[in-house]
Amino acid sequence: MDRDILIALVRIVDIKDGLTGAHTARVALYSQALAEATGLKEAEVYRVMRAAALHDIGKIDIPDHILGKPGRLTDQEYAIIQQHAVWGYERLARMGEDDPVILSVVRSHHERVDGSGYPDGLAGPAIHPAALCFAVVDTFDAMTSIRPYRTDLGPDAAQRAIEELNQHAGTWYCPDAIEALTRLYRAGKLDWIMRHQNGADPEGASSPDPEAADDYAVLSESLAGGRSLPT
Ligand SMILES: [Fe+2]
């Protein structure tokens, strides 16, 4: 997929989701760090990063009143939210995307090792390794980032996220991916991603973070292979 189209799709999802580009940039960069740490070759690293950028693309098809609902979702609304994995997969397939890494991450990033995830209830080796790794990255970012509903993380957010991921190693999450992420965290290799791309947008999508444009520039540059991670 053309990089400009990819970025445009990601922007639509971010606007709908009330997020800036920071979340997408961060998960792409965490994915890059994890992929490089596990020894993937450069071309594979970029496939993983593109998959990370596109992971929630199916949210384009979730009605705004459900995606942006402030309170508790009904069971029916939650079931519709869960459909974003399938709808994203189907949209990309319709657009001609045929990279199994990208398609698997988009469809299976909410699956769990023990089969308790969605949308297909896949378990263990039936889940593509890229999707298993991305689930760890996505959860880590969700627990360590500022969101419209959470502007104060506290000093231990990353440590707590690592502990919680490790508590679910082997049941929900891939133990190897958690081990690799934990090693990167303890070596301080994730700090700059957490710090520099963790912008808040307290007013929601109607008042975009002025730094958001930079987030897309970071993402675009990264996906072009023009940015390497600090060592
Ligand atoms: Fe998702």
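Keep in mind the model is a prediction, meaning the values are calculated, not measured. (Residues numbered from 1 in each chain as written. Predicted model: local features only at pLDDT ≥ 70, side-chain atom pairs only at ≥ 80, totals over all residues.)

1. What about the overall build of the protein?
- Counting secondary structure elements, the protein contains 12 helices and zero strands.
- The order of helices and strands in the protein, counted from the N terminus, is α-α-α-α-α-α-α-α-α-α-α-α.
- Relative to its full complement of 231 residues, the protein shows a buried share of 39%.
- Across the protein, every contact between residues at least 6 apart in sequence was considered, and the portion connecting residues at least 24 apart equals 70%. (Helix = DSSP H or I, 4+ residues; strand = E, 2+ residues; numbered from the N terminus. Buried ≥ 20, exposed ≤ 12 C-beta atoms within 10 Å, placed from the backbone. Contact = placed C-beta atoms within 7 Å.)

2. A short note on the packing of helix 7 (residues 100-108) against helix 8 (residues 129-144)
- Look at helix 7 against helix 8: their axes get within 8 Å of each other, and the N-to-C directions meet at 50°. Judged by the inter-axis angle, helix 7 sits oblique to helix 8. You can see that helix 7 and helix 8 cross each other, and the crossing is right-handed. Of helix 8, the residues touching helix 7 (which contributes Val101, Ser104, Val105 and Ser108) are Ala130, Ala131 and Phe134.
- Residues of the contact of helix 7 with helix 8, tallied by class, amount to five nonpolar, two polar and no charged. (Axes fitted to C-alpha atoms, helices over the stretch in contact; angles between N-to-C directions. Parallel < 35°, antiparallel > 145°, perpendicular 65-115°, else oblique. Left-handed = near helix turned anticlockwise from the far one by under 90°. Nonpolar A, V, L, I, M, F, W, Y, C, P; charged D, E, K, R; others polar.)

3. As for helix 3 (residues 42-54)
- With 13 residues, helix 3 should reach 18 Å at 1.5 Å per residue; the first-to-last C-alpha distance of 19 Å fits that figure.
- Of the residues making up helix 3, those classed as buried are Val45, Tyr46, Arg47, Val48, Met49, Arg50, Ala51, Ala52, Ala53 and Leu54. (Expected span 1.5 Å × (residues − 1).)

4. A closer look at the packing of helix 8 against helix 9 (residues 157-167)
- Packing of helix 8 against helix 9 brings their axes to within 9 Å, and their N-to-C directions diverge by 145°. Crossing geometry of helix 8 relative to helix 9 is assigned as right-handed. Contacts between helix 8 and helix 9 involve Val136, Thr139, Phe140, Met143 and Thr144 from the former and Ala157, Ala158, Arg160, Ala161, Glu164 and Leu165 from the latter.

5. Here's the deal with the environment of Asp98
- For Asp98, the location among the structural elements is in the loop between helix 6 (84-94) and helix 7.
- What makes Asp98 exposed here is the crowd of 9 C-beta atoms within 10 Å.

6. Section: the environment of Thr24
- By the element assignment, Thr24 lies in helix 2 (residues 22-37).
- Each C-alpha atom of the pair Thr24 and Ala53 lies 5.5 Å from the other, and the pair is 29 residues apart in sequence.
- Residue contacts for Thr24: discarding those within four places in its chain leaves Val10, Asp14, Ala53 and Leu219.

7. Notes on the confidence of the model for the protein
- Across the protein, the average pLDDT comes to 86, with 85% of residues at or above 70.
- When the criterion is pLDDT under 50, residues 200-208 qualifies, and its contacts beyond four places in sequence or with other chains add up to 14 contacts. (pLDDT = per-residue confidence, 0-100.)

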